[in-house]
Amino acid sequence: METHMSEFALPSSHPTLNGQKTAKSARDSFSAYSSKYLTVPQNRTSWHRNGTSGALEASVVSYRSSIINNYMEGTLSGVRDKASSRGLHFRDSKRKVDYVLAYHYRRSLARHAPGAASLEPRRGSPSVALVSNGGTGKGCAEPQQQQRDDGQRALPEWPGLPGLELVEMSPLDAVEEERRLQREEYERNLLEAGLEIEKDPENKSQGLSFVRIHAPWQVLSREAELLKIKMPTKKMYEITEEKGVLKTLNGIWCKLTEPLQPQVPQQENTKMKTLSYPFSREKIYLYNIKDKDTFFDNATRSRIVREILKRTSTKARSSMGIGTLIANNVYDAAYPLHDGEYEGQNDDMNERKLLYQEWARYGVFYKFQPIDLIRKYFGEKIGLYFAWLGLYTEFLIPSSVVGIIVFLYGCITIESDIPSKEMCDQRNAFTMCPLCDKFCDYWNLSSACATARASHLFDNPATVFFSIFMALWATMFLEQWKRLQMRLSYFWDLTGLEEEEEHPRPEYETKLLQKKLKNKNITSENPNENEKEKLTWSDRMPGYAANFGLILFMVMLTFSAVFGVIVYRITTAAALSFSTDETTRSNVRVTVTATAVIINLVVVLILDEIYGAVAKWLTEIEIPKTEKTFEERLILKAFLLKFVNSYASIFYVAFFKGRFVGRPGRYVYVFEGYRMEECAPGGCLMELCIQLSIIMLGKQLIQNNLFEIGIPKLKKLFRKLKDERTEQKEMDTNQSKDPQQWDLDYILEPFTGLTPEYMEMIIQFGFVTLFVASFPLAPVFALLNNIIEVRLDAKKFVTELRRPDTVREKDIGIWYNILSGIGKLSVIINAFVIAVTSDFIPRLMYQYAYSQNGTMHGFINHTLSYFNVSQLEAGTQPENSLFAQEVSFCRFKDYREPPWSPHQYEFSKQYWAVLSARLAFVILFQNLVMFLSVLVDWMIPDIPKDISEQIKKEKTLLVDFFLKEEHEKLKLIESFIARDKQKRRSGTKSKRTRAASFSQCHRSPKGSFTSFSSQHTVV
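Residues numbered from 1 in each chain as written. Predicted model: local features only at pLDDT ≥ 70, side-chain atom pairs only at ≥ 80, totals over all residues. Heavy atoms only, no water.

Attention shifts here to the overall build of the protein chain. Secondary structure assignment for the protein chain yields 31 helices and 21 strands. Here the protein chain, with 1019 residues, has 49% of them falling under the buried criterion. Within the protein chain, counting contacts between residues at least 6 apart in sequence, those at least 24 apart form 77% of the total. Counting every atom, the protein chain has about 51500 Å² of accessible surface; 58% of that belongs to carbon and sulfur. (Helix = DSSP H or I, 4+ residues; strand = E, 2+ residues; numbered from the N terminus. Buried < 20%, exposed > 50% of the residue type's maximum accessible area, 1.4 Å probe, protein only. Contact = heavy atoms within 4.5 Å. Areas by Shrake-Rupley, 256 points an atom, 1.4 Å probe, with all protein chains shown as cover.)

Core analysis: the biggest nonpolar cluster contains 123 residues, and Trp359, Phe378, Trp388, Tyr392, Trp473, Phe771 and Ile812 have the highest contact counts within it. With 15 residues, helix 21 (residues 627-655) is the largest single contributor of residues to this core. Those residues in contact with Phe771, other than ones at most four positions away along the chain, are Tyr647, Ile650, Phe651, Ala654, Phe655, Leu688, Leu692, Gly766, Ile829, Asn830 and Val833. Among the nonpolar cores identified, the runner-up in size contains 44 residues, and Tyr105, Ala193, Val211 and Met231 belong to it. (Core = buried A, V, L, I, M, F, W, Y, C linked by side-chain atoms within 4.5 Å.)

Turning our eyes to something else, we now look at the confidence of the model for the protein chain. Atom-level detail of predicted coordinates should not be read off regions where pLDDT is low. Confidence in the prediction for the protein chain averages 76 pLDDT; 76% of positions are at 70 or higher. No element of the protein chain has a lower mean pLDDT than helix 31 (residues 1011-1018), at 33, and none a higher one than helix 12 (residues 380-412), at 93. Every residue in residues 523-532 is under pLDDT 50, and counting partners more than four places away or in other chains gives 5 contacts. Contacts from residues 728-736, a stretch scored under 50 in pLDDT, to residues over four places away or in other chains number 14 contacts. (pLDDT = per-residue confidence, 0-100.)

The next point concerns the state of the cysteines. For the coordinates displayed, the defined rule picks out 3 disulfides. With its sulfur 1.8 Å from that of its partner, Cys424 forms a disulfide with Cys449. Judged by the sign of its S-S torsion, about 95°, the bond between Cys424 and Cys449 is right-handed. With Cys424 in helix 13 (residues 418-424) and Cys449 in helix 14 (residues 449-456), this pair connects stretches of sequence that are 25 residues apart. Note on cysteine connectivity: Cys679 is disulfide-linked to Cys684, with sulfurs 1.5 Å apart. On the sign convention where negative is left-handed, the bridge of Cys679 and Cys684, at about -80° about the S-S bond, is left-handed. (Disulfide = S-S within 2.5 Å.)

It is worth spelling out unusual backbone geometry at this point. Where the residue is not glycine, phi is negative for most of them; where a peptide bond is considered, it is trans in most cases. Look at Ser93: it is not a glycine, yet its phi comes out positive at around 65°. Within the element layout of this structure, Ser93 appears in the loop between helix 3 (82-85) and strand 4 (99-106). Phi angles above zero are rare outside glycine, and Asp493 is one such case at about 60°. Here Asp493 is to be found in the loop between helix 15 (461-491) and helix 16 (506-518).

All chains considered together, the criterion is met by 54 aromatic pairs. Consider the rings of Tyr103 and Tyr331, whose centres lie 5.9 Å apart with planes at 80°: the pair is edge-to-face. Taken together, the residues span a long stretch of sequence, with Tyr103 in strand 4 and Tyr331 in the loop between helix 9 (322-327) and strand 13 (333-335) at a distance of 228 residues. When sorted by exposure, Tyr103 lands in the same class as Tyr331, which is buried. Directly above the ring of Trp742 sits Arg212, whose terminal nitrogen or CZ lies 4.1 Å from the centroid. Lying over the aromatic face of Tyr490, Lys273 brings its terminal NZ or CZ to 5.0 Å of the ring centre. (Phe/Tyr/Trp six-rings, centres within 6.5 Å; stacked < 30°, edge-to-face > 60°. Lys NZ or Arg CZ within 6 Å of the ring centre and 35° of its normal.)

For the rest of this paragraph, the subject is the pairing of strand 9 (residues 196-199). On strand 9, burial covers both faces: Glu196 and Glu198 on one face and Ile197 and Lys199 on the other are all buried. The antiparallel hairpin formed by strand 9 and strand 10 (residues 206-214) contains 6 residues in its connecting segment. (Pairing = 2+ DSSP bridges.)

This next bit is on empty space enclosed by the protein. This structure, assessed with the given rule, holds 11 cavities of 30 Å³ or more. Approximately 100 Å³ is the volume attributed to the largest cavity. Lining the largest cavity are 13 residues, with Asp437, Gly665, Tyr667, Leu872 and Thr876 positioned closest to its centre. Per-class residue counts for the lining of the largest cavity are 7 nonpolar, 2 polar and 4 charged. (1 Å grid on protein atoms, 1.4 Å probe; cavity = no way out; pocket = protein on both sides within 12 Å on 5 of 7 lines; lining within 4 Å. Points joined across faces, edges and corners; volume = space filled by probe spheres on them. Nonpolar A, V, L, I, M, F, W, Y, C, P; charged D, E, K, R; others polar.)

Our next topic: the environment of Glu223. Tracing the chain through its elements places Glu223 in helix 5 (residues 217-227). Under the relative-accessibility criterion, Glu223 is labelled buried at 0%. A C-alpha to C-alpha distance of 8.5 Å links Glu223 and Glu307, two positions 84 residues apart in sequence. Non-local contacts of Glu223, meaning those with residues more than four positions away in its chain, are made with Ile304, Ile308 and Arg311.

What follows concerns the environment of Glu879. With respect to the element layout, Glu879 can be found in the loop between strand 20 (864-868) and strand 21 (889-893). Given the relative accessible area of 44%, Glu879 is considered partly exposed. Separated by 440 residues in sequence, Glu879 and Phe439 have C-alpha atoms that sit 6.2 Å apart.

Right, here's the structure in full:
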């Protein structure tokens, strides 16, 4: 007679983590789980021995081949219909896939029992496992040593249990077993939370598997109420339109920009708005629910599921949610699905395809962005980013136009510029002092004519006006953004949005758990346990110390890189000056400047990538509690490091280069023998312009465009090759030939946040505003970059990234404060650039204080001082001078007393007068622009008047709507009660009438009622 082994329980968690469990309790736990969620058509029994006590635990290993209570683990047959073939629904083609979990599995014990088809081995112990060898159980086989083909050592068969052999598990198998148990427990907890799950079969030795999650109506309504998600009610009201001239202008603008509007579905009646209210199951009659399956859109459904995933925990390793499980490699990824393919032959239109056609292609660069559709598909946080980027790009148009006008003004007036004409006039024999010791000769100032003429393009009176304009432009941009942000908040129902209580980060909870375990004895003795429920400053002190030290080190590293480039310029200039080639010596300054800027750009790009990684690591060791705190601290660190890295060399050229050179006969030297570098004869402003333009254009072209296009594609290719390499080429009858949507989305790059997108735009905003006095064309290049950037980011979000989780935000957060800070800093920096770096103040002083006829004639001679060449130090005079005439005095650019003065070579009165004028200009410019900025801020209200009125109107309408609905509900209840009372009265009256007639018919001869009649009448 053949013996059949009974079914045993699969332990719900790892035995070494949960202590000793009896076989009975484990069996009861798994039996309840299996009967509720699984179908077990084929059973295979395996025995597990606990490595600690040697006690045996039995587990059932089975294939699940059907969905019971919405849990499915593989089907061996069945064809998906058209709806499910797109990978957006369960196999029943009705329930949407709201979220997907992906994980890699590995099965090392792959020896199959004879006569059994592809049975799945399961192990419950991290050390050893007993696996059936396919015996029938008749008799008792002798223990014998066997050698397995897969390299694992097979132990003798277990005495008394025929047909079973003991297999020793490797450490890798034990880790994989632990992860499998955590997945089972986590998915069981998700089912208990009300979610519905569908799983792929694990019918390979190793591979990738997916868990698909669907949230039914009960879960969606419950979570929507908890999260206070605003949903549309039945009430609609009319939006008050602008009247008068504004309405006319708005109508004209709409007609003119109609070809620029994206072809996306719009609300039928734009004059009406639906009244929204946080979802409540008690007030479900308020909402316009036509279909429960479509009432919550896909973005809201995925957001709700994500919240459940984040708060669902497991006992193993005290996992606090999906974030911890992904960090521990239990799952590889968790993401919502895209709405289908963005391009293809099928005619099915979805929101992703619509976004691709009308937004994420370079061919539609001239169109406005469909902000409402972006918000609907990606959520409010990403919608606000693209709205901000669109407004910033639009504001760059007027600044670009003004910048081009300023540049053209410089081009037009270059021929009438007297100082540059004097410099280029060879009749003015200004013999200049040598640029280096010993090997450099005297030279004529007229040889620097080209530099002087080029400097006038950017160093002219129009740049002062442009600096004031850009300061006001930055203020107006920020004010307009606040207004647009408020308008979007109103139409997106973000007004009154409360900050949700965020779940702690997995790293924070892990650190807190370690602290509790470390101090559990102290905590039990201390009655005040609440103090131990959070990390204190002392716990974070090592992180803070590391932050301070490393940030200081990184800043010093940036300064060292700038100093290294300075040394390169000095040494290269000296080396090229030794050349015997006349062409090389004449182009020393151009060669050194060009190569130094390129080297500086490469260093900036490399350090930018390093600083991004370092900032993230520094933020992680601080152990912030929530994701929002983590993001804010990361932004501050990354911005500080990248700001210093991007602008350090520009600050040097603008404010330090040429200021500490010394004078002939007493130069300042570095590394003995190398003089500090000087500015060009036309000033440092031209070099500042070159430095700024190359770094700005280089960062935009290489970092913002090539890196954004190339790196995601390389990562995608690497991930695809890795998956193909790790998965063995086994026939999988359950997989359809066409990849499903979750397969396609898994290959995509995971979304890591908006910090890199904002950061590159903020750095660009700094280039546009901080040193705009030296480079008026900066807004033009920023505009050209942003036209591409908008479509590049759009294409990346639609085609290259997994669909992000929707996040409701009512503003752009800390980025606004950074923008405001840069705007205020730009006023100060541009004031110093105009006053110190350019020749605007010296020219102004000469024309109105020193010129004899009130013109600029004689300005060049006024700015040059004399030096007696006989006073040059020994060994520094030019050797073998080829100068045509013997030189007694050479000139150098500075305000110093001449050699024949009693105070020779000391600063002259003109120097102190010009310095005072420069400082006065800085104070006057700064206060004037700040006053105008505050005036603009005051004149433009943060909240548009019509939006303010609509918000008040909406609150009033909401109260009236509630009162009306409650009144109607009360009237309906009263009518039901009245109708019920009326029915009862009429029913009682008819019953009494029937009873009376019935009793009369059955009256006894003596004239008395029967007992039955009397009882019925009483009743």
